[in-house]
Amino acid sequence: MEIKVEPKAMEIKVEPKAMEIKVEPKAMEIKLEQEAMEIKIHRDIPEATVKKTKEEEQPLSPAARVFHAPAFNCYVITVIGVKKKIEPDVIIEGLKQTLIRHPRFSSKMVNKTNKNKQTQRWVRTNVVTNNHVIVPDIQTQHIENANADKFLDSYVSDLTLVPLDTSKPLWELHLLDLKTSDAENVAVLKFHHSLGDGMSLMALVLACMRKTSNLNELPTLPYQNRTSSGSSRLTGGSWRGFRFLWLFMVLWSTIMLVLNTICDALRFIATAMFLKDTKTPIKGDYRLSMPTRMSLVHLTVSLDDIKLIKTNMKMTVNDVVIGVTQAGLSKYLERRYGEKKNVVGDDQKSKKNSNEMPKRIRLRSALLVNLRPTTGIQDLADMMDKGSKCRWGNMIGYIVFPFSISLRKDPLEHLGTAKGIIDRKKNSLEAALTFIVGKFMIKAFGVKVTANLLNRMLSNTTMSFSNLIGPIEEISFFGHPITYMAPSVYGHPHALTMHFQSYMNKMTISLTVDPTVISNPHQLLDDWEESLRNIKTAVQERSSTHQ
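Residues numbered from 1 in each chain as written. Predicted model: local features only at pLDDT ≥ 70, side-chain atom pairs only at ≥ 80, totals over all residues. Heavy atoms only, no water.

## Considerations on the packing of aromatic side chains
To describe a pair of aromatic rings, you give the distance between the ring centres and the angle between the ring planes. For the structure shown, the criterion picks out nine aromatic pairs. Between F67 and F72, the aromatic rings sit 5.7 Å apart at their centres with planes inclined by 20°, giving stacked as the arrangement. Across this residue pair, the class does not change: F67 and F72 are buried. When the ring of F477 is compared with that of F478, the centres are 4.8 Å apart and the planes differ by 40°; the resulting orientation is tilted. Given a relative accessible area of 4%, F477 falls into the buried group. F478 sits in the buried class, given a relative accessible area of 14%. These aromatic residues form a ring-pair network of at least three members: F105, W171 and F191. (Phe/Tyr/Trp six-rings, centres within 6.5 Å; stacked < 30°, edge-to-face > 60°. Buried < 20%, exposed > 50% of the residue type's maximum accessible area, 1.4 Å probe, protein only.)

Have a look at this one:
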């Protein structure tokens, strides 16, 4: 055996009669040659052995630990429709070059005990991509589009019954060779919510995609222009003249901000302790146990219709979406209470108790608010491509948003009431306060107590709501053009969760429902779509009369 050490190269060869070792600082290559067999291992291959170091072990963030608590074990599922037949080998190769290079998607959660104290840490591990990609054998010869849609709903809903394997990174991808009414094939991403907040996870998924018009370009998100304040446009002379008015407005805004925050904080505390929503046909009761199987469905509508309303009513897309949601919920609840009336019949005592929609309904939603500037798609792409660092984690707060449930002759009233509540909530630090208090409670009382309190607070409200902005141009998922994206979440104590995802000129509404409470989620989607049409018609009629 002979050993040589040279400053410019290192090469390891194993042969039956000799071994030679050379050292090179810029690259390392291992060759094993025996009976015409050669194995090469390069450091840049994602599935290579990962060296365990302290730098590659990170503790779970406080929010991530809460998402692993039994009372608040949350998962994210995103359904992606594509325009062509899925090629699993292409998808797997693409994942090796992108997703699994992200630290969270190449780390498993490990419970460690140190000085009688148990901690949870992310530990880098080997990633075998094939173990995370599932290609079910679906017999689609006799499945028509309508039945295919039902099959997809059932398949995705069944995923809520199966927890992810904690012995490997907490994500998986299902590739379905299934033609539905709105897609040629379907991909279903499932990951644990502890990996990151919804906006970060969506940005990461988008960083794995490219524009179909230019496969070298990343997706483009709409630019959100922030109108500069009036004072910034004042000249020097006018600034001196309006200084007193400006100071008064700043002082008044500060006072209102403090008052709104105090009021919202008191309502939040009351909700966590005793203040419950009205028991309606869409409110579940999960104080004793969580539902086992959730139903996930979606509907895609025109984003142009929403923008038309937004422009004419001088609102934001979010204002319109919440206003239409309020109208859709009112219509759906009126329908459900009407069904109860038909079932009850002429029994006057029963009719008095259950057959009419109450005039005053307390129905509130927990709105998730991202408190950290969203990590850019380019930053995430650079991290996966070059190993650079960028912000990551769960940094979300909650806003308790009250919907005004009632039937109105003028559907535009729903937009007005919704916008009024939104504007007041914008002038409040409720979301930041809930995040700070949550972190304090985890440190002071532990994850279990915090998760139980959060579970109790959400149980006293009716639903969850979120809205995500998507690309404005068509994008592809490793060469597969996308028709829609439908993200959703489950594991929290709500019978109804609504997610809105924009993409090109479309808006996809995703519902996660407890089927024991809401047995007909497609009817709720239909009522939402009908409410959108009614509001659009009212806006057009209003515009024509003012011309």
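Still to come is the rest of the account.
## Some thoughts on unusual backbone geometry
Positive phi, normally seen in glycine, also occurs at K314, with a value near 55°. Within the fold, K314 resides in the loop between α7 (303-313) and α8 (317-344). Exposure remark for K314: the relative accessible area of 69% places this residue in the exposed category. The phi dihedral of F478 is positive, around 55°, even though this residue is not glycine. For F478, the location among the structural elements is in the loop between β17 (475-476) and β18 (482-490). (Helix = DSSP H or I, 4+ residues; strand = E, 2+ residues; numbered from the N terminus.)

## Observations concerning the packing of helix α6 (residues 243-273) against helix α13 (residues 447-459)
Close contact between α6 and α13 brings their axes to 7 Å; oriented N to C, the two are set at 95°. Our classification of the angle between α6 and α13 gives roughly perpendicular. Across the interface between the two elements, F268, T271, A272 and M273 of α6 pack against L453, R456 and M457 of α13. Of the residues belonging to the contact of α6 with α13, the class tally is five nonpolar, one polar and one charged. (Axes fitted to C-alpha atoms, helices over the stretch in contact; angles between N-to-C directions. Parallel < 35°, antiparallel > 145°, perpendicular 65-115°, else oblique. Contact = heavy atoms within 4.5 Å. Nonpolar A, V, L, I, M, F, W, Y, C, P; charged D, E, K, R; others polar.)

## Some thoughts on the environment of D158
Tracing the backbone shows D158 in helix α3 (residues 145-158). In this structure D158 comes out as partly exposed when scored by relative accessible area, which is 34%.

## Side note on the packing of α6 against helix α12 (residues 430-445)
Orientation of α6 relative to α12, taken along the N-to-C sense of each, is 50°, at an axis distance of 9 Å. Taken together, the axes of α6 and α12 are oblique relative to one another. Every pair of crossing elements has a handedness; the one defined by α6 and α12 is right-handed. In contact with T261, D264, A265 and F268 of α6, α12 contributes E430, L433 and T434. Residue composition of the contact of α6 with α12, by class: three nonpolar, two polar and two charged. (Left-handed = near helix turned anticlockwise from the far one by under 90°.)

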